[in-house]
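These are the residues of each chain, in order.
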Amino acid sequence: MSATDELLNPDFPVPDELQSNIAITTIDKIYNWSRRSSMWPMMFGLACCAIEMICTAASRYDLSRFGMEVMRPSPRQSDLMIVSGTVTKKMVPQIVRLYNQMPEPKYVLSMGACATGGGPFKEGYNVVSGVDKYVPVDVYVPGCPPTPQALLFGLIAVQKKIDQQSILTVPWYQRGPSEAIPVPILGPDIIDPRQSDVIRVQAAKLATAATAVAELSGAAEA
Ligand code: SF4
């Protein structure tokens, strides 16, 4: 099968004598084919999983088969974020900011147990239990660390997802601008501004409970 055979529309067969000159296809097919054949990953790594990602980009596994061989040093030239490693609370604001700076269409691949759910550091004082609590993840690659083959499998899964999208329904061609994700605030603990209503209600409950306890202890002392 040639590289362009998969683009052909079976409903409109091209006569044999014209097949080397004409291809009839759909906008969706050619749009998705061109996007998924030239994805540009962003160059950043967070922990040990990044070593496997670097290894995947080296000659043995040959990411250029996917059009991905040059990792971009700027989010503004990237359309694939590979979150490869432990996501600490200190790092989350930077990850969300980088995600917001990527142009649409954009995709996120969560690589390894740490990025997906905290991994061996789950519920540690400084680690978030999953980057998907902050940015939308398209594909999860399990493992600690995932092998380069597993990452390649994840990248193929991203390509399959792109193949199923339609230019009519993808969110980045709808009316109105896309909303940026509010950048979490790093304090004694990380605060997600999207949860501010819940935080406010819980803080009010805690304040009410603390006041009641103080009043009770004051009454007992009197
Ligand atoms: S999943 Fe394992 S290999 Fe990957 S960053 Fe976490 S501890 Fe390291």
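That block above? That's the structure.
First, a word on scope: everything that follows refers to the structure included in this document. Predicted model, so just to flag it, every value in this text is computed and none were measured.

**Examining the site of the ligand**
Here is step 1 of the chain: In the vicinity of the ligand, the residues found are Ala47, Cys48, Cys49, Gly85, Thr86, Ala113, Cys114, Pro120, Phe121, Gly143, Cys144 and Pro145.
Here is step 2 of the chain: Split into classes, the residues belonging to the shell around the ligand amount to nine nonpolar, three polar and no charged.

**Some details on the nonpolar core**
Here is step 1 of the chain: Counting residues in hydrophobic clusters, the biggest one holds 23 residues, and the most contacted among them are Leu80, Ile82, Leu109 and Leu155.
Here is step 2 of the chain: Going through the elements one at a time, α2 (49–57), β1 (80–84), β2 (107–111), β3 (139–141) and α5 (148–163) are the ones with two or more residues in this core.
Here is step 3 of the chain: With five residues, the single largest contributor to this core is α5.
Here is step 4 of the chain: Listed in part, the 19 residues of the second largest apolar core include Met81, Ile95, Tyr99 and Val137.

**What about the pattern of salt bridges?**
Between side chains of opposite charge, a pair can form when the charged atoms approach closely.
Here is step 1 of the chain: This structure, assessed with the given rule, holds four salt bridges.
Here is step 2 of the chain: The closest approach of N and O atoms between Arg36 and Asp163, which form a salt bridge, is 2.8 Å. Note that Arg36 is positioned in helix α1 (residues 27–36) and Asp163 in helix α5, a separation of 127 residues in sequence.
Here is step 3 of the chain: Salt-bridge contacts for Arg194 lead to Asp192; the nearest nitrogen and oxygen are separated by 2.9 Å.

**Comments concerning the sheet that holds β1**
What holds strands together in a sheet is hydrogen bonding between their backbones, with the strands either parallel or antiparallel.
Here is step 1 of the chain: Judged by pairing direction, the sheet is parallel, and its three strands sit side by side in the order β1-β2-β3 without closing on themselves. The sheet is open, and its two borders are formed by β1 and β3, each paired with just one other strand. Between one strand and the next, the sheet's axes are offset by a mean angle of 20 degrees, whatever the strand orientation.
Here is step 2 of the chain: In terms of strand pairing, β2 meets β3 through three bridges, oriented parallel. Counted as the bridge partner of Ser110 is Tyr140 from β3.
Here is step 3 of the chain: Those strands touched by α2 are β1 and β2, and its axis lies near 135 degrees from that of β1.

**Considering the pairing of β2**
Here is step 1 of the chain: Burial analysis of β2 places five of its five residues in the buried class, which makes it a mostly covered element.
Here is step 2 of the chain: In this structure, β1 lies alongside β2, joined through five bridges in parallel fashion. Residue pairing in the sheet places Val83 in a bridge with Ser110 of β2.
Here is step 3 of the chain: Regarding topology, helix α3 (residues 92–101) serves as the crossover connection from β1 to the parallel β2, and that connection is right-handed.
Here is step 4 of the chain: In this fold, β2 hands off to helix α4 (residues 112–117), which returns the chain to β3; that crossover is right-handed.

**Here's the deal with α1**
Here is step 1 of the chain: Regarding α1, the residues found buried are Tyr31, Asn32, Arg35 and Arg36. Angular distribution of buried residues about the axis of α1 spans 115 degrees; they occupy a single face of the element.
Here is step 2 of the chain: Against β2 and α5 lie the buried residues of α1.

**Describing the environment of Phe44**
Here is step 1 of the chain: For Phe44, the position within the fold is in the loop between α1 and α2.
Here is step 2 of the chain: The exposure class of Phe44 is buried, given its relative accessible area of 12%.
Here is step 3 of the chain: Put simply, Phe44 and Leu155 are 111 residues apart on the chain and 16 Å apart in space, counted from C-alpha to C-alpha.
Here is step 4 of the chain: Those residues within four positions of Phe44 in sequence are excluded, and the remaining contacts are Met53, Met81, Ile82, Ser84 and Ile95.

**Observations regarding the packing of aromatic side chains**
Working definition: an aromatic ring pair is given by the centre-to-centre distance plus the angle between the planes.
Here is step 1 of the chain: Within the structure shown, the criterion is met by two aromatic pairs.
Here is step 2 of the chain: Ring plane angle 50 degrees and centroid distance 6.0 Å describe the contact between Tyr31 and Tyr173, whose orientation is recorded as tilted. Placement of the pair is Tyr31 in helix α1 and Tyr173 in the loop between α5 and β4 (185–186), with a sequence separation of 142 residues.
Here is step 3 of the chain: On the accessibility criterion, Tyr31 (14% relative accessible area) is buried.
Here is step 4 of the chain: You can call Tyr173 partly exposed: its relative accessible area is 46%.
Here is step 5 of the chain: Pairing Tyr107 with Trp172 gives two aromatic rings, centres 6.3 Å apart and planes at 80 degrees, and the pair type is edge-to-face. Note that Tyr107 is positioned in strand β2 and Trp172 in the loop between α5 and β4, a separation of 65 residues in sequence. Like Tyr107, the residue Trp172 is buried in the burial classification.
Here is step 6 of the chain: We note Arg72 situated over the ring of Trp40; from NZ or CZ to the ring centre the distance is 3.6 Å.
Here is step 7 of the chain: One cation-aromatic arrangement involves Lys106 over Tyr99; the distance from NZ or CZ to the ring centre is 4.3 Å.

What counts and what doesn't
Residues numbered from 1 in each chain as written. Predicted model: local features only at pLDDT ≥ 70, side-chain atom pairs only at ≥ 80, totals over all residues. Heavy atoms only, no water. Near = heavy atom within 4 Å. Nonpolar A, V, L, I, M, F, W, Y, C, P; charged D, E, K, R; others polar. Core = buried A, V, L, I, M, F, W, Y, C linked by side-chain atoms within 4.5 Å. Buried < 20%, exposed > 50% of the residue type's maximum accessible area, 1.4 Å probe, protein only. Helix = DSSP H or I, 4+ residues; strand = E, 2+ residues; numbered from the N terminus. Salt bridge = Lys/Arg side-chain N within 4 Å of Asp/Glu carboxyl O. Pairing = 2+ DSSP bridges. Axes fitted to C-alpha atoms, helices over the stretch in contact; angles between N-to-C directions. Contact = heavy atoms within 4.5 Å. Right-handed = clockwise from strand over helix to strand, strands pointing away. Arc of directions from axis to C-beta. Phe/Tyr/Trp six-rings, centres within 6.5 Å; stacked < 30°, edge-to-face > 60°. Lys NZ or Arg CZ within 6 Å of the ring centre and 35° of its normal.

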